[in-house]
Amino acid sequence: RKEVEQDPGPFNVPEGATVAFNCTYSNSASQSFFWYRQDCRKEPKLLMSVYSSGNEDGRFTAQLNRASQYISLLIRDSKLSDSATYLCVVVGSGNTGKLIFGQGTTLQVKP
Amino acid sequence: DAGVTQSPTHLIKTRGQHVTLRCSPISGHKSVSWYQQVLGQGPQFIFQYYEKEERGRGNFPDRFSARQFPNYSSELNVNALLLGDSALYLCASSLGQIQETQYFGPGTRLLVL
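Residues numbered from 1 in each chain as written. Chains lettered and ligands numbered in written order. Predicted model: local features only at pLDDT ≥ 70, side-chain atom pairs only at ≥ 80, totals over all residues. Heavy atoms only, no water.

### What to know about the overall build of chain B
Using the following cut-off: Segments assigned H or I by DSSP are reported as helices when at least four residues long, segments assigned E as strands when at least two residues long, and all are numbered from the N terminus. The reference for a compact globule is 2.2 Å times residues^0.38; the radius of gyration itself is calculated from the C-alpha atoms. We call a residue buried when its accessible area falls under 20% of the maximum for its residue type, exposed when it is over 50%, and partly exposed in between, using a 1.4 Å probe and counting protein chains only. Only heavy atoms enter the contact rule, under which two residues are in contact if any of them lie within 4.5 Å. Shrake-Rupley sampling with a 1.4 Å probe provides the accessible areas, and residues are treated as covered by the protein chains on show and by no other component. His residues and chain termini do not enter the charge count, which takes Lys and Arg as positive and Asp and Glu as negative. Taken as the charge location is NZ of Lys, CZ of Arg, CG of Asp or CD of Glu.
Of the regular secondary structure elements, chain B holds 0 helices and 11 strands. Relative to the compact-globule value of 13 Å for 113 residues, chain B shows a C-alpha radius of gyration of 13 Å, a close match. Its C-alpha atoms put chain B at 40 × 25 × 25 Å along the principal axes. A buried classification covers 50% of the 113 residues belonging to chain B. Across chain B, contacts joining residues at least 24 apart in sequence account for 53% of those joining residues at least 6 apart. For chain B, the exposed area adds up to about 5,400 Å²; of that, 51% sits on carbon and sulfur atoms. Taken as two groups, the 10 positive and 8 negative side-chain charges of chain B have centres that lie 8 Å from each other.

### Looking at the packing of aromatic side chains
To keep things clear, this is the line we draw: For this analysis, a ring pair means two rings from Phe, Tyr or Trp (six-membered ring only for Trp) whose centres lie within 6.5 Å, classed as stacked if their planes differ by under 30 degrees, edge-to-face if by over 60, and tilted for the remaining angles.
This model, assessed by the stated rule, comprises 12 aromatic pairs over all chains. On the numbers, 4.8 Å between centres and 45° between planes, the contact of Y25 of chain A with F33 of chain A is tilted. Judged by relative accessible area, F33 of chain A falls into the buried class, the value being 1%. Taking the centre distance of 6.4 Å and the plane angle of 70° together, the rings of F34 of chain A and Y36 of chain A count as edge-to-face. Each member of the pair, F34 of chain A as well as Y36 of chain A, carries the same accessibility label: buried. Linked through ring pairs, F34, Y36 and F101 of chain A together with Y35, F45 and F104 of chain B together constitute an aromatic cluster.

### Structural notes on the environment of P43 of chain B
Note on placement: P43 of chain B falls in the loop between β4 (31-37) and β5 (44-50). The class of P43 of chain B is buried, set by a relative accessible area of 1%. Each C-alpha atom, one on P43 of chain B and one on A87 of chain B, is 9.7 Å from the other, the two residues being 44 residues apart in sequence. Those residues in contact with P43 of chain B, other than ones at most four positions away along the chain, are P44, L87 and F101 of chain A together with Y35, Q36, Q37 and L90 of chain B.

### Focus: the nonpolar core
Note the threshold: Definition used in this section: a nonpolar core is a set of buried Ala, Val, Leu, Ile, Met, Phe, Trp, Tyr and Cys residues joined via side-chain atoms within 4.5 Å.
One finds F21, W35, I71, L73, I75, Y86 and L107 of chain A to be the most contacted residues of the largest nonpolar core, which totals 24 residues. Leaving out residues up to four positions away in the same chain, Y86 of chain A has contacts with Q6, F21, W35, Y36, R37, L47, F60, L73, I75, G104, T105 and L107 of chain A. Counting 21 residues, the second largest nonpolar core, distinct from the first, contains I26, W34, F47 and L81 of chain B.

In structure tokens, the structure reads:
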């Protein structure tokens, strides 16, 4: 079983739609979680951290369910510029900053 | 402020050759991590260096090695290149060793023929 699993998609949605991505992780000891965004042939960029209490940044909402070991990202009112790959990231346990990435979920927002 | 920089941006090598990739972290950052991203997959952790010492190693063969210099820049070396080493190699820097946000450079795209 992969340490971080995501549905690769692609998710094709019209502008203005609401779309949700989920991710599961295997290590119950994991403490820190992130969503990164990666545009085609570019580096990953931090989108947002994920907290147990949930957090929101504009049109983006991230949620963490520790009991089910699952992380979600909700995008409301999708824009064309939201088209990208969204990477679910878990910080590895132990004394390193190792980031464990999911495969990524591809979103294509269409006019 | 300059972000993470990497060189070269692109590289073509043949099987069996050796390659050195370079990374300069954000000013003030002391930790550098290396990741390999093959097409269609998320990045895979190769190494972390903090204060010039290796602090973590991923599941990569001994052909992969790295080091960090006193100015916190880093090199990733790959010997005896295989076709499967073709990938985007990403460097990420962070202030500290753990639980710190990592910022990625633009990557080096390596093609092994």
